[in-house]
Amino acid sequence: MADDYFRQRDNDNMLRLRKLRRELPSFCDDFFRGIENTTSLLTRVSYAYDLRIFFDFLVNLTDEFDGMTVKDFKVYDLNRVTLDNLEFFVENLSLYSFKGKEYSDNERAKARKIATIRSFFKYFYNKGLLEKDVAAKIPMPKLHDKPIIRLDVDEVADLLDIVDGTLEHDAFNPHQKKYLEHTKLRDTAILTLLLGTGIRVSECVGLNVEDIDFKNNAFTVTRKGGNRTILYFSDEVAETLLEYVKYRIQIVVETSALFLSLQNKRISVRAVQLMVKKYAQVATPLKKITPHKLRSTYGTNLYNETGDIYVVADVLGHKDVNTTKKHYAALSDDIRKKAARKVQLRDKKSD
């Protein structure tokens, strides 16, 4: 079935969540059941990871809970958590140890953990199990806008030329070149699809052969949340994709996956990430390019062509157009400048 990949992914995440919940105090199960209908599975998995770190901090670095284990916690023990504890927890996230490994959270990782703790305390406060919602007072860190890293037109061309062998280079040794020759059609199709449609890497690896409709230059993609959406691609994308599909359908395998690994199984998200990194380091060594940066490249090009932020939001699958505005609104100045240059008040007089 078309959604086998996504069903398996959800099953894996469900098992991961169950395992994480077993490491938390038993009353946390009430929290996860309570938020099930208002959050995604991936959000709940993230919450579980954050809560593990939070309770580990309480039992190991605070006087109030010294001598306790994580499993000893009861819901009423949360009443003893002070604002000082919570602020110390946030400060500690700059450098902390967990299960023998050291971590250092940036401002966005800290903000996510604060959001988790706020939701956690708010849930039990609203149920009348806490005397006050102390977590609501945790100040959120100031989040600085990250620069949008994307490829310009020449860099896109160089990247694709390197993948399909059009552009000669000596970055790969003979053994690597032999391997890349074997994966050339697949890699070119993946990169062309990412750059030409802006789909997420998870959406890309989840595609099946039957999802592609060359008659209408369209394909069906499963977006975040499980919604199935029809998107369209250009003739340039169609040409590259068709060349790969002709090769792909000759391979007799059990999976219906469109893009295959060398083991003839569905290619993984991690494999695509590494593949993009490998080629991008040759094409644009000064830019750290990921599949998401290819998505940003497409979003930028689409916004420059249409000037319509709502079209960009719809095509990229953003549920909130403000997410799109935050990333691409800065490009409006460029569009306004181009528009201003097109307005001519008087005919230029020839000499």
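Read on for an overview of the structure. (Residues numbered from 1 in each chain as written. Predicted model: local features only at pLDDT ≥ 70, side-chain atom pairs only at ≥ 80, totals over all residues. Heavy atoms only, no water.)

Quick word on the pattern of salt bridges
Enumeration according to the criterion identifies 14 salt bridges in this entry. When the shortest N-O distance is used, the salt bridge between Lys 184 and Glu 181 registers 3.1 Å. Here Lys 184 pairs with Glu 181, and both are found in helix 7 (residues 174-197), just 3 residues apart, close to one helical turn. Under the relative-accessibility criterion, Lys 184 is labelled partly exposed at 23%. Between Arg 186 and Asp 187 there is a salt bridge, with the nearest N and O atoms lying 2.9 Å from each other. For Arg 186, a relative accessible area of 10% translates into the label buried. By relative accessible area, which is 0% here, Asp 187 ends up buried. Through salt bridges with shared partners, a single ionic network connects Asp 50, Asp 105, Arg 112 and Lys 113. (Salt bridge = Lys/Arg side-chain N within 4 Å of Asp/Glu carboxyl O. Helix = DSSP H or I, 4+ residues; strand = E, 2+ residues; numbered from the N terminus. Buried < 20%, exposed > 50% of the residue type's maximum accessible area, 1.4 Å probe, protein only.)

Some details on the layout of surface pockets
Quantified by volume, the largest pocket comes out at close to 1,800 Å³. As for the largest pocket, its lining consists of 45 residues, of which Ser 40, Leu 42, Arg 200, Lys 224 and Gly 225 are closest to the centre. Looking at the lining of the largest pocket element by element, the count peaks at 5 residues for helix 1 (residues 4-21). Considering only residue class, the lining of the largest pocket consists of 12 nonpolar, 17 polar and 16 charged. (1 Å grid on protein atoms, 1.4 Å probe; cavity = no way out; pocket = protein on both sides within 12 Å on 5 of 7 lines; lining within 4 Å. Points joined across faces, edges and corners; volume = space filled by probe spheres on them. Nonpolar A, V, L, I, M, F, W, Y, C, P; charged D, E, K, R; others polar.)

Topic: the packing of aromatic side chains
Applying the stated criterion across every chain yields a total of 26 aromatic pairs. Considering the side-chain rings of Phe 27 and Phe 120, the 6.1 Å spacing of their centres and the 35° angle between planes classify their relative orientation as tilted. Taken together, the residues span a long stretch of sequence, with Phe 27 in the loop between helix 1 and helix 2 (28-34) and Phe 120 in helix 5 (residues 107-126) at a distance of 93 residues. Each of the two residues, Phe 27 as well as Phe 120, counts as buried. With a centroid separation of 5.6 Å and 65° between ring planes, the pair formed by Phe 54 and Phe 55 is classed as edge-to-face. (Phe/Tyr/Trp six-rings, centres within 6.5 Å; stacked < 30°, edge-to-face > 60°.)

A few points about the environment of Ser 119
By the secondary structure assignment, Ser 119 is in helix 5. Owing to a relative accessible area of 27%, Ser 119 belongs among the partly exposed residues under this scheme. Note: C-alpha distance between Ser 119 and Ala 135 (16 residues apart in sequence) is 8.5 Å. When neighbours within four sequence positions are excluded, Ser 119 is seen to be in contact with Phe 31 and Tyr 47. (Contact = heavy atoms within 4.5 Å.)

So, the packing of helix 6 (residues 153-164) against helix 10 (residues 269-283)
Interaxial distance between helix 6 and helix 10 falls to 9 Å at its minimum, and their mutual angle equals 115°. Helix 10 is crossed by helix 6, and the crossing has right-handed handedness. Between helix 6 and helix 10, the contacting residues are Asp 158, Leu 159, Ile 162 and Val 163 on the first element and Tyr 279, Ala 280, Val 282 and Ala 283 on the second. For the contact of helix 6 with helix 10, the per-class residue count stands at 7 nonpolar, no polar and 1 charged. (Axes fitted to C-alpha atoms, helices over the stretch in contact; angles between N-to-C directions. Left-handed = near helix turned anticlockwise from the far one by under 90°.)

Describing empty space enclosed by the protein
Tallied over the entire structure, the rule returns 1 cavity of 30 Å³ or more. Space inside the largest cavity adds up to approximately 40 Å³. Along its surface, the largest cavity is lined by Leu 78, Asn 79, Val 81, Phe 121, Leu 130, Lys 132 and Val 134. Each residue belonging to the lining of the largest cavity can be placed in one class, and the counts come to 5 nonpolar, 1 polar and 1 charged.

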